[in-house]
Amino acid sequence: MKPSITWAENLIKKIFVLLFWLGLWQILALKIGKEVLLASPAATMQALVSLVGESAFWHTITFSIVRIAAGFVLGVTAGLVLAALSARLERIRLLLSPFLYAVKAAPVASFIILALLWVSGKNLSVFISFLMAMPIVYSNMLQGFMNVDKKLLEMAAVFRMSAKNKALYIYLPRVLPYFTAACTTSLGLCWKSGIAAEVIGLPRGSIGDRLYSTKLYLNTPQTFAWTLVIIIISIAAEKLFLKVLETVNSKISRGFLTRKGGR
Amino acid sequence: MEKEIKITVRNLSKSYGGTPVLENVSFTADNSRPLCIMAPSGAGKTTLVSIIMGLEKADSGSISGIEGKRFSAVFQEDRLCEDLSAFMNVAVADERADSDGVRRLLLDCGLLPEDIYRPVRELSGGQRRRAAIVRALLSDSDILVFDEPFKGLDEDTLKIVVQMVQENINGRLLLVITHDAGLPRRLGADVFSL
């Protein structure tokens, strides 16, 4: 019975923490007394319920999720491929290092402004999300590839191990923790930067566009409600992504102990 | 009639940062009898087999008879994939290895049925060593290179494993690096002192 008690205890603790912050928020909102400066939790919830009821709401979040996710997937793929190439060829590593350093160091706003000249506002978040994910995945994966045990690679060379087996049994266990860390870090960053890009690019029907409108009309409860939606999607996306990775990892790990089709 | 496999090493030299590790090493080995290469620690035995297997380049000298030959090896360290079971470590080194044969040989060398499918990181040093030996024996090869293969094995296990090696050489050339003076007799091997 102990695990369920612990689970219940944890839930109570979490609810208590949540109530504490909601209470503090409510007190501050009451103290300020102006919804336009600080919307109360109740007004935010009311705005959120009214947003969810709109038919455009789901279209809006789908619009943003699809584009930011596309940029993330492209960034992860490019980072992975470039890291694999760089780990093998020092020339590529040297060639890419100034570019990646610049991408990592430059402020997101600079890229957003520049990108507006190159791509349409509609696809701006794809590009920004790509730029956020790619260098993080590249750096982490390069580190992972460089840390693969050279002695195991020698063993694989002596035994003429197939490329598939090398990738699956030597590289994968070593690089998977780096991949997971890179993806979880860049996923949140892509989402935040993607929304910021939408606020500047204002593609019609995006979360950023709706967020900007709330500022124009000084509809602070809606600003809070949209921010809450962004946070919820970010947390859900991270949890979903980790769950998918965990499932894939456990499927692969099962194959580490016996051949496909049983013993 | 077994096909003859013969390698000839001539005047092999290798140095690291100006420090000679191997100097004018020459010997011949063939598959009629295993060859034990004996030398004290630090004499360049491992460097020698790395050069023979093509993992390192010699500064000078030549090796003939290895062209087109396939190697399998027991390295000084086990070099097993830690997340894989003993069974999978053997199976992935040679995908054509028959599952029953892999299982049988792992059991023959004293691994328990439940140990065969556990990740090797959970096995003892001796069990891991035996898995590494089975991997080398079951891999399709012409030349077997064993670098201190029986270290960490107790006397009873050693007897079983040596017999297993002898039964599974299958006409291949066996080179054994060792500093155990009793091993050449156990294996019925010739000796080359480095």
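About the criteria used
Residues numbered from 1 in each chain as written. Chains lettered and ligands numbered in written order. Predicted model: local features only at pLDDT ≥ 70, side-chain atom pairs only at ≥ 80, totals over all residues. Heavy atoms only, no water. Helix = DSSP H or I, 4+ residues; strand = E, 2+ residues; numbered from the N terminus. Rg over C-alpha atoms; globule rule 2.2 N^0.38 Å. Contact = heavy atoms within 4.5 Å. Areas by Shrake-Rupley, 256 points an atom, 1.4 Å probe, with all protein chains shown as cover. Lys, Arg positive; Asp, Glu negative; His and termini not counted. Charge placed at Lys NZ, Arg CZ, Asp CG, Glu CD. Buried area = accessible area lost by both parts, 1.4 Å probe. Polar contact = N/O pair within 3.5 Å; in protein donor to acceptor, adjacent residues only side chain to side chain. Nonpolar A, V, L, I, M, F, W, Y, C, P; charged D, E, K, R; others polar. Buried < 20%, exposed > 50% of the residue type's maximum accessible area, 1.4 Å probe, protein only. Pairing = 2+ DSSP bridges. Axes fitted to C-alpha atoms, helices over the stretch in contact; angles between N-to-C directions. Phe/Tyr/Trp six-rings, centres within 6.5 Å; stacked < 30°, edge-to-face > 60°. Lys NZ or Arg CZ within 6 Å of the ring centre and 35° of its normal. Parallel < 35°, antiparallel > 145°, perpendicular 65-115°, else oblique. Left-handed = near helix turned anticlockwise from the far one by under 90°. pLDDT = per-residue confidence, 0-100. Disulfide = S-S within 2.5 Å. Patch = residues over 30% accessible without salt bridge, like charges linked within 9 Å, V, L, I, M, F, W, Y side chains within 5 Å. Salt bridge = Lys/Arg side-chain N within 4 Å of Asp/Glu carboxyl O.

(A) Representation of the overall build of chain B within the structure. Check the secondary structure of chain B and you find seven helices and eight strands. Here the C-alpha atoms of chain B give a radius of gyration of 17 Å, agreeing with the 16 Å that 2.2 N^0.38 yields for 194 residues. Taking as baseline every contact in chain B between residues at least 6 positions apart, the subset at least 24 positions apart corresponds to 72%. Accessible area of chain B: about 8400 Å², with a carbon and sulfur share of 47%. Each charge sign in chain B was given a centre, from 24 positive and 29 negative side chains, and these centres are 2 Å apart.

(B) Structural detail: the interface of chain A and chain B. Contacts between the two partners involve 20 residues from chain A, matched on the other side by 32 residues from chain B. Together, the buried faces of chain A and chain B total about 2300 Å²; carbon and sulfur atoms form 59% of this surface. Scanning the region where chain A abuts chain B turns up seven residue pairs in polar contact (both at pLDDT 80 or more). Elements with a minimum of two residues in the side of chain A that touches chain B: helix H7 (150–158) and helix H8 (163–201) of chain A. Split into classes, the residues belonging to the side of chain A that touches chain B amount to ten nonpolar, four polar and six charged.

(C) How the structure looks around helix H3 (residues 99–108) of chain B. Residue and element names in this part refer to chain B. Of all the positions in H3, only Ser99, Gly101, Val102, Arg103, Leu105 and Leu106 are classed as buried. Along its buried surface, H3 packs onto helix H2 (86–93), helix H4 (113–116), helix H5 (125–138) and helix H6 (155–167). Phi turns positive, to about 100°, at Gly110, one or two residues after H3.

(D) How the structure looks around the sheet that holds strand S5 (residues 71–74) of chain B. Residues and elements named next belong to chain B. Taking strand neighbours across the sheet as the criterion, the five strands line up as S5-S6-S7-S3-S8 in an open arrangement whose pairing is parallel. Across the chains shown, the open sheet's two edge strands, defined by having one partner strand only, are S5 and strand S8 (190–193). The average angle at which neighbouring strand axes cross in this sheet is 20°, direction not considered. Judged from the four bridges that link them, strand S3 (residues 35–38) and strand S7 (residues 173–178) form a sheet pairing that is parallel. Bridge pairing in S7 links Ile37 to Ile177. Packed on one face of the sheet, helix H1 (residues 45–52) meets S3, S5, strand S6 (143–147) and S7 and runs near 155° to S7.

(E) Representation of the packing of aromatic side chains within the structure. All names here are of chain A. Summed over the entire model, instances satisfying the criterion amount to nine aromatic pairs over all chains. Aromatic side chains Trp118 and Phe127 sit 6.1 Å apart centroid to centroid with 90° between the ring planes, which places their arrangement in the edge-to-face category. The ring of Phe63 carries Arg67 above its face, with NZ or CZ at 3.8 Å from the centroid.

(F) Structural context of the pairing of strand S2 (residues 19–30) of chain B. Residue and element names in this part refer to chain B. With eight bridges joining them, strand S1 (residues 6–16) and S2 adopt antiparallel strand pairing. Opposite Val9, over in S2, you have Phe27 as the bridge partner. In this structure, the hairpin formed by S1 and S2 is closed by a connection of two residues, where Gly17 is found at a positive phi of approximately 55°.

(G) The sheet that holds S1 of chain B, seen in detail. Residue and element names in this part refer to chain B. Pairing is antiparallel in the open sheet, where three strands are placed in the order S2-S1-S4. The outermost strands of the open sheet, each flanked by one partner alone, are S2 and strand S4 (60–64). Neighbour-to-neighbour, the strand axes of this sheet turn through a mean angle of 15°, independent of strand direction.

(H) View of the side chain of Ser86 of chain A. Residues and elements named next belong to chain A. Looking at the element boundaries, Ser86 is found in helix H3 (residues 55–88). Polar contacts involving the side chain of Ser86 include one to the side chain of Tyr138, which spans 2.7 Å. With residues up to four places along the chain from it excluded, the contact list for Ser86 reads Ile92, Arg93, Leu96, Tyr138 and Leu142.

(I) Geometry of the environment of Ala39 of chain A. Residues and elements named next belong to chain A. If you trace the backbone, Ala39 turns up in the loop between helix H1 (2–32) and helix H2 (41–53). Look at Ala39 and you get buried, because its relative accessible area is 0%. Separated by 194 residues in sequence, Ala39 and Ile233 place their C-alpha atoms 21 Å apart. Those residues in contact with Ala39 that lie beyond four places of it in its chain are Trp25, Ala29, Thr44, Thr220, Pro221 and Phe224.

(J) Representation of the packing of H3 of chain A against helix H10 (residues 220–254) of chain A within the structure. Residues and elements named next belong to chain A. Contact pair H3 / H10: the axes reach a minimum separation of 12 Å and the direction vectors enclose 45°. Regarding the angle of H3 to H10, the classification is oblique. Crossing handedness for the pair H3 and H10: right-handed. Of the residues in H10, those in contact with Phe57, Thr60, Ile61, Ile65 and Phe72 of H3 are Trp226, Val229, Ile233 and Phe241.

(K) Summary view of unusual backbone geometry. Phi is positive for Leu218 of chain A, close to 50°, though the residue is something other than glycine. Relative to the elements of secondary structure, Leu218 of chain A occurs in the loop between helix H9 (207–216) and H10.

(L) How the structure looks around the confidence of the model for chain B. Considering every residue of chain B, the mean pLDDT works out to 92; 99% of them sit at 70 or more. Per-element confidence in chain B is highest for S5 of chain B, whose mean pLDDT is 96, and lowest for H1 of chain B, whose mean pLDDT is 91.

(M) A look at the state of the cysteines. Residue and element names in this part refer to chain A. Within this structure, the stated rule accounts for zero disulfides over all chains. Cys183 carries a free sulfur, and the closest cysteine sulfur to it, the one in Cys190, is 9.3 Å from it. A residue is classified by how much of its surface remains accessible, and Cys183, at 0% relative accessible area, is buried.

(N) Focus on a nonpolar patch on the surface. Taken together, the side chains of Phe16, Val17, Phe20, Trp21, Leu24, Leu28, Ile32, Val36, Leu37 and Leu218 of chain A present a nonpolar region at the surface, about 1000 Å² in accessible area. Looking at where Val17 of chain A falls in the secondary structure, it is placed in helix H1.

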